Amino acid sequence: MAAPAAAKIFSFQDYRAVPDPVLEVSPECLQPSPVPIVIDNGSFQTRAGWAGAGDEFSAPRLQFKSVAARSRGAARSETQIGNDIPNLEPLRWLLKSQFDRNVVVNFEIQELMFDYIFMHLGIATEGCVEHPVVLTEAPCNPLHCRQMMSELLFECYGVPRVSYGVDSLYSFYYNNVQRSLSAPHTGIVISSGYHCSHILPVINGRLDARNCKRVNMGGSHAASYLQRLLQLKYPGHLAAITLSRMEELLHEHSYTALDYQEELERWRCADFYEREVHRIQLPFSSKLAGGTLSAEERQERRAQQLRRLQELNTRRREEKLQQDQERLERLLAVQELLEDGLLDQFHKALVELNMDSAEELQSYISKLSLAVEQGRQRALQVEGPDSKPETPELEQSMEEGDGVAELEPEFNEDQPEADKPANPAQPVFNLAEYHQLFVGTERLRVPEILFQPSVIGEEQMGVMETLQYILDRYTPEQQGALAGNVFLTGGNLQYPGMKERVERELLAIRPFQSHFQVTLASRPALDGWYGAREWALRHAGGEEGWVTRKDYEEKGGEYLSEHCCSNTFIPISVARPPPPPPRAADPPPATASVAATTVAAAAPPATASALVSPAAAAAGAPSAQPRVLA
């Protein structure tokens, strides 16, 4: 049945990445001092550009997927990065990322990313990058990960100084500046990326890292869930339902329901379904074999294909006969070495042929001679024009797609098609509709996993439940200040209706007639980079927020200089077990006991293993809280 006029029929864009050009460094980036490089190191996409004051620097110069196609054992020059990969789907099993969830752990891939960025930005200085670097990192980034990143930047690239910040806090800072809000800013940031989501409370311009939480739910989970739903719904189109296309469906066709259950009930209505369902047209060939050809034309086509198969089989037999003859001549030459008494050369030739003895050589010569003789006899036979090709070769040709698949058995060929009765009750098969994906309730079911992770079997709280849990940890005055500036950012929060859904959930959470305000980032996926650029422009000449080479050498790679968009230092006292009681028979000296107790009480938790973040542990983060080790 043909689609109604009101139906929305879309097609996949199937975007192909275009390789990034190698740019040249503008003179404004070098004089009077090197301009900082801003890198938003995202788990889905990396963005890089210059923190310059002109309009030409107001957008990132590079945007590419944070993946590298690298096979096992491949050389460094053979690795493809980001936009060098035109299509990700054939290389899914080769793709590698520097991230484990949202934390950088594979620094070999991270180094390839930095090489790609610096090369395409036009930085050609050998072994040294003379520009400061502003780099984003994960909330509550483990100390070891920052130490490895600082070591990579300072030791490998020789950068003069580095500033670390959280991408969602950069976006929060940028949008507050655009809204002309007075600093210091207070609010709560809800950020959702490719691998996970974060709820980050900010009080007086500083991240409250003790109470920030992570929800292990992001865009990758949504794309995988949508792929499973559509593959179960359309098992005949498994190969066409790829992850890249599911990401396109998420970005272009999904939306967030204001009331999930009520919206599902609306989809039960047939009229609402026909009006709101999105039909995605898959690529297909509309050419039907024999659909518009007469019986004579089909018979002529069949004869042409049979003649082509005969020619193909003849050519294959000739090629095989020639190969067998060349092989036989080589074996006879080796046998002549034995007859001439050249035993050393004979045994060496046997080793090259992977044979063990002269008897095996003679047996192989006999079999090959017989095969050559049979091939010559077959070639001498004159095949008639109506002779049929051999069955194995016919099947092989059909597998190779030589057009034999179009040969279908003709039923009742003697009866003309005009005499065949037509059944008016039989519906006409619509090939285009067969190759369509009807995306209905999937449009709202997939974004719902942010609020209900149990839909896909994850035993954890949703984003709004986590937000309520965080707000309950503050005083009523602090809750009012945080709820007065709820900020949404991240590429996984770009669904239509997300802001209205969060407002509705907050209305149910907050006390009656309490004030709250929800703001969506102007560019949820890009404002992290724009905020980092804005911060670099305002703090390029200062010392706050920058880690210099001297700081790195004196204070270690895990050292962090705090600023309004960075992680924060949390002093944590680690409880040590009490010393064992002294034995009555051999009591220790009292002076030694007092001295040991004094030293244990005065010793600070100086090692990274002792500095464990309670926020990271409560959220399931892999390691410690970032902090300044001054």
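Heads up: the structure comes first, above all this text.
Keep in mind it's a predicted model, so treat the numbers as computed, not measured.

Draft legend 1. Representation of helix α17 (residues 527–539). Under the 1.5 Å per step criterion, the end-to-end length of α17 is 18 Å for 13 residues, consistent within 8% with the ideal 18 Å. With 10 of 13 residues buried, α17 lies mostly within the body of the structure. The set of residues buried in α17 consists of D527, G528, W529, Y530, G531, A532, R533, E534, W535 and A536. If you follow the buried residues of α17, they end up packed against β2 (37–41), β3 (45–50), β10 (133–137), β11 (161–166) and α3 (167–178).

Draft legend 2. Just the nonpolar core, in detail. Ranked by internal contacts, the top residues of the largest apolar core, which has 66 residues, are I39, F114, I117, F118 and L153. If you tally residues by element for this core, the top one is helix α1 (residues 107–120), at eight residues. Once you skip the residues sitting within four places of it in the chain, L153 turns out to touch F114, L135, G158, V159, V162 and Y164. Counting 52 residues, the second-largest nonpolar core is a separate cluster that includes F438, I470, V486 and M498.

Draft legend 3. Structural view of the packing of α1 against helix α2 (residues 143–156). Following both chains from N to C, one finds α1 and α2 inclined at 40°, their axes separated by 11 Å at the closest point. The angle between α1 and α2 places the two elements in the oblique class. Note on packing geometry: the crossing formed by α1 with α2 is right-handed. Across the interface between the two elements, F107, Q110, E111 and F114 from α1 touch C145, M148, M149, L152, L153 and C156 from α2. Residue composition of the contact of α1 with α2, grouped by class: eight nonpolar, one polar and one charged.

Reading the values: rules and limits
Residues numbered from 1 in each chain as written. Predicted model: local features only at pLDDT ≥ 70, side-chain atom pairs only at ≥ 80, totals over all residues. Heavy atoms only, no water. Helix = DSSP H or I, 4+ residues; strand = E, 2+ residues; numbered from the N terminus. Expected span 1.5 Å × (residues − 1). Buried < 20%, exposed > 50% of the residue type's maximum accessible area, 1.4 Å probe, protein only. Contact = heavy atoms within 4.5 Å. Core = buried A, V, L, I, M, F, W, Y, C linked by side-chain atoms within 4.5 Å. Axes fitted to C-alpha atoms, helices over the stretch in contact; angles between N-to-C directions. Parallel < 35°, antiparallel > 145°, perpendicular 65-115°, else oblique. Left-handed = near helix turned anticlockwise from the far one by under 90°. Nonpolar A, V, L, I, M, F, W, Y, C, P; charged D, E, K, R; others polar.

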